[in-house]
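Residues per chain are reported as follows:
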Amino acid sequence: MSAIGPDGMTRRGVLATGAVTAAMTATNARARVTGAKSDPAAGPTPMPLTFEVNGKLVELSLDPRTTLLDALREHLRLTGTKKGCDHGQCGACTVIVNGQRINSCLSLALMHEGDAVTTIEGLGTPDDLHPMQAAFVEHDGFQCGYCTPGQICSAVSVLQEIAAGVPSHVTGDITGKIAATRAEMTERMSGNLCRCGAYANIADAMTQIAEAQS
Ligand code: FES
Ligand code: FES
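Residues numbered from 1 in each chain as written. Chains lettered and ligands numbered in written order. Predicted model: local features only at pLDDT ≥ 70, side-chain atom pairs only at ≥ 80, totals over all residues. Heavy atoms only, no water.

(A) Here's a closer look at the environment of glutamate 52. Structurally, the position occupied by glutamate 52 is in strand β1 (residues 47-53). Between the C-alpha atom of glutamate 52 and that of glycine 114, which follows or precedes it by 62 residues, the distance is 6.8 Å. Those residues in contact with glutamate 52, other than ones at most four positions away along the chain, are Leu57, Asp115, Ala116 and Val117. (Helix = DSSP H or I, 4+ residues; strand = E, 2+ residues; numbered from the N terminus. Contact = heavy atoms within 4.5 Å.)

(B) Broad picture of the nonpolar core. By size, the foremost hydrophobic cluster in this structure holds 24 residues, and its most contacted members are Leu123, Met132, Phe136, Ile152, Leu159 and Met206. Looking at this core, the elements that each hand over two or more residues are α3 (120-123), α4 (131-138), α5 (148-163) and α7 (199-213). The element contributing the most residues to this core is α5, with seven residues. Not counting the four nearest positions on each side in its chain, isoleucine 152 is found in contact with Ile120, Leu123, Met132, Gln133 and Phe136. Formed by 14 residues, the second largest nonpolar core is a distinct cluster that contains Phe51, Val58, Leu62 and Val117. (Core = buried A, V, L, I, M, F, W, Y, C linked by side-chain atoms within 4.5 Å. Buried < 20%, exposed > 50% of the residue type's maximum accessible area, 1.4 Å probe, protein only.)

(C) Highlighting the packing of α4 against α7. Relative to each other, α4 and α7 sit at 135°, their axes nearing to 8 Å. Here α4 is positioned oblique relative to α7, judged by the angle of their axes. The two elements α4 and α7 cross, and the hand of that crossing is right-handed. Touching Pro131, Met132, Ala135, Phe136 and Glu138 of α4 are Ile202, Ala205, Met206, Gln208 and Ile209, all from α7. When its residues are assigned to classes, the contact of α4 with α7 shows eight nonpolar, one polar and one charged. (Axes fitted to C-alpha atoms, helices over the stretch in contact; angles between N-to-C directions. Parallel < 35°, antiparallel > 145°, perpendicular 65-115°, else oblique. Left-handed = near helix turned anticlockwise from the far one by under 90°. Nonpolar A, V, L, I, M, F, W, Y, C, P; charged D, E, K, R; others polar.)

(D) Examining the environment of leucine 123 more closely. Note that leucine 123 resides in helix α3. Residues leucine 123 and valine 156 lie 33 residues apart in sequence; the distance between their C-alpha atoms is 9.2 Å. Contacts of leucine 123, omitting those with residues within four sequence positions, involve Ile96, Thr118, His130, Gln133, Ile152, Cys153 and Val156.

(E) Quick peek at the side chain of glutamate 184. If you trace the backbone, glutamate 184 turns up in helix α6 (residues 182-188). For glutamate 184, a relative accessible area of 2% gives the class buried. In this structure, glutamate 184 is in contact with Ile162, Ser168, His169, Val170, Thr171, Ile178 and Ala179, ignoring residues within four places of it in sequence.

(F) Inspection of unusual backbone geometry at higher detail. Here asparagine 54, not a glycine, exhibits a phi torsion of approximately 50°, which is positive. On the secondary structure map, asparagine 54 appears in the loop between β1 and β2 (56-62). Non-glycine residue aspartate 140 carries a positive phi angle of around 55°.

(G) Inspection of the packing of α4 against α5 at higher detail. Where α4 meets α5, the closest approach of the two axes is 10 Å, and the angle between their N-to-C directions is 125°. With respect to each other, α4 and α5 are oriented oblique. Note that α4 runs across α5; the crossing there is right-handed. Facing Met132, Gln133 and Phe136 of α4, the residues of α5 in contact are Thr148, Gln151, Ile152, Ala155, Val156 and Leu159.

(H) Here's a closer look at the sheet that holds strand β4 (residues 100-103). With mixed pairing, the five strands of this open sheet are ordered in space as β2-β1-β5-β3-β4. Each of the sheet's edge strands pairs with one partner strand only, and the pair in question is β2 and β4. Looking at each pair of strands side by side, their axes are set apart by 40° on average, direction ignored. In this fold helix α2 (residues 68-75) packs onto β1, β2, β3 (94-97), β4 and β5 (116-118), with an angle of close to 100° to the strand it touches most, β2. Running at roughly 40° to β3, α5 makes contact with β3 and β4 of the sheet. (Pairing = 2+ DSSP bridges.)

(I) Fine view of the confidence of the model for the protein. Confidence in the prediction of the protein, expressed as mean pLDDT, is 86, and 82% of residues score 70 or more. Across residues 1-9, where pLDDT falls below 50, the model places nine contacts with residues more than four positions away in sequence or in other chains. Confidence drops under pLDDT 50 across residues 11-36; counting only partners more than four residues distant or on other chains, this segment forms five contacts. (pLDDT = per-residue confidence, 0-100.)

If you want it as structure tokens, here you go:
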């Protein structure tokens, strides 16, 4: 037997009323959509985008909701850039835009009109590795490799940030002469997560490159 509430309705009655209300709301929403002049199911009108990717001029026509990550992976087939969380939390999607690293999952592609984007494919090739890629190989800076393209793009940018004197979060140094210490580098790499835990080896690889550049 159903329990009766203070207002005299049974629990089953409350649930049934809720279900009917939800169904009516959905029906009304569908009616509003059907009555609209444009067809929302077709999505927004595609918009043009011209930008540079790995040194090549690229023209695309994209749904304005497309992220930079999806533009790279799904439209340009540059699948080296990885989708981890798709929420700006893991760094797997890191690419370099106009010299600065960004999470490409958090950025709409159309915001990059005229920009220069570098992905892992643009840093080096299997026959001609970027020094940071070679250092990751030498120091076993990866295991499964899923986070690695983002780690390497970030690592390259981090050393450029340090060389450019981007203020330190570790020492608070704003002098413009930031030392590429292990603590400095690992702090700046903290947005790039590695589920395999290759952090120590990544730091070793970065240290090698930082010392070679000093
Ligand atoms: S996929 Fe972009 S931060 Fe995780
Ligand atoms: S190497 Fe596997 S997640 Fe980093």
